[in-house]
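Remarks on the overall topology
Listed here are the chains, written in short residue letters.
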Amino acid sequence: GKVRIATVPFSQGVNAGAFAGSVSAGVSASCVVEREGMGATDDLAPAAAPLVRPSDMACPRTVVTPLSADRGAVLASVGALAATGSTAGHIGTAWAWYTLSPKWNTVWPASAAAPAGDGVRKIAVLMTDGLYNTVYRSGRPAQDALARNQANARAVALCQGMRKAGIAVYAIGFDVGDPQVKATLSSCASPLSGGATAYFDASDGAALKAAYDEIARQIRDVLRLAG
């Protein structure tokens, strides 16, 4: 009863659904991509730095679900996931932060996030099965070598910002062979005792389930200690 979960499907962008208008200053009715300049690597409120909707992008069908204690709604969101488009991992990372940030409470007041601390634990679990290979320049997707470097660098910067804001970050690479993505996910993940990080390299479905089971165990242990 004290746990709430948000889900953020992403591919080349994020489908903000009913919240699209408020996060884009009315420019989009569905999907949005990353911000450039102000808000590019932090959780600045969308009123100060609206998101944009390029004309050329693959939009995920499943929409963002803000924080909810409705188990059925969370499971339905996960069950509706479908692979499409390329992978702008930094955009998914940014939205994980947005759903946990009090600065975004005006967007979804019914799912408002409390500040970290004072018994409130915030946890982001990032998972990808693809390369971070897409950024947007002048409203169009770019997927060259520079784009990959930019996407990975922005993801790491966003993760560093989340951790500084008191959010524990777990990261899972599912059947990811690219060294750059593995390095990004490892850099994103929060440090653990003994010099390890909260990064899991899952090579198949069984390893993916084991990674989520271990993350759930660690979260339960932290919540028990906090309680």
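Refer to the structure presented above.
Residues numbered from 1 in each chain as written. Predicted model: local features only at pLDDT ≥ 70, side-chain atom pairs only at ≥ 80, totals over all residues. Heavy atoms only, no water.

**Remarks on the pairing of strand β9 (residues 199-202)**
- Alignment of strand β8 (residues 167-174) against β9, held across 4 bridges, turns out to be parallel. The residue of β9 that forms the bridge with Phe174 is Ala202.
- Handedness of the crossover joining β8 and β9 through helix α5 (residues 179-188) is recorded here as right-handed. (Pairing = 2+ DSSP bridges. Helix = DSSP H or I, 4+ residues; strand = E, 2+ residues; numbered from the N terminus. Right-handed = clockwise from strand over helix to strand, strands pointing away.)

**What to know about the pattern of salt bridges**
- Within the structure shown, the criterion is met by 8 salt bridges.
- Put simply, Asp213 and Lys209 hold a salt bridge, and the shortest N to O gap is 3.0 Å. Of this pair, Asp213 and Lys209 both sit in helix α6 (residues 205-226), 4 residues apart, which is roughly one turn of the helix.
- Judged by relative accessible area, which is 40%, Asp213 ranks as partly exposed.
- On the basis of relative accessible area, Lys209 is assigned to the exposed category, the value being 53%. (Salt bridge = Lys/Arg side-chain N within 4 Å of Asp/Glu carboxyl O. Buried < 20%, exposed > 50% of the residue type's maximum accessible area, 1.4 Å probe, protein only.)

**Considerations on the sheet that holds strand β5 (residues 122-128)**
- Spatially, β5-β8-β9 is the arrangement adopted by the 3 strands of the open sheet, whose pairing is parallel. One side of each edge strand has no neighbouring strand; the edge strands of this open sheet are β5 and β9. On average, each strand axis in the sheet is tilted by 15° relative to the strand beside it, whichever way the strands run.
- Both β5 and β8 contribute to a ladder of 7 bridges, which runs parallel. Counterpart to Leu126 in the pairing with β8 is Ala171.
- Its contacts with the sheet put helix α3 (residues 89-100) on β5 and β8, and the angle it makes with β5 is roughly 160°.
- In the packing of helix α4 (residues 145-164) onto the sheet, the strands contacted are β5 and β8, and the crossing angle to β8 comes to about 145°. (Axes fitted to C-alpha atoms, helices over the stretch in contact; angles between N-to-C directions. Contact = heavy atoms within 4.5 Å.)

Honestly, it's all geometry; don't read function into it.
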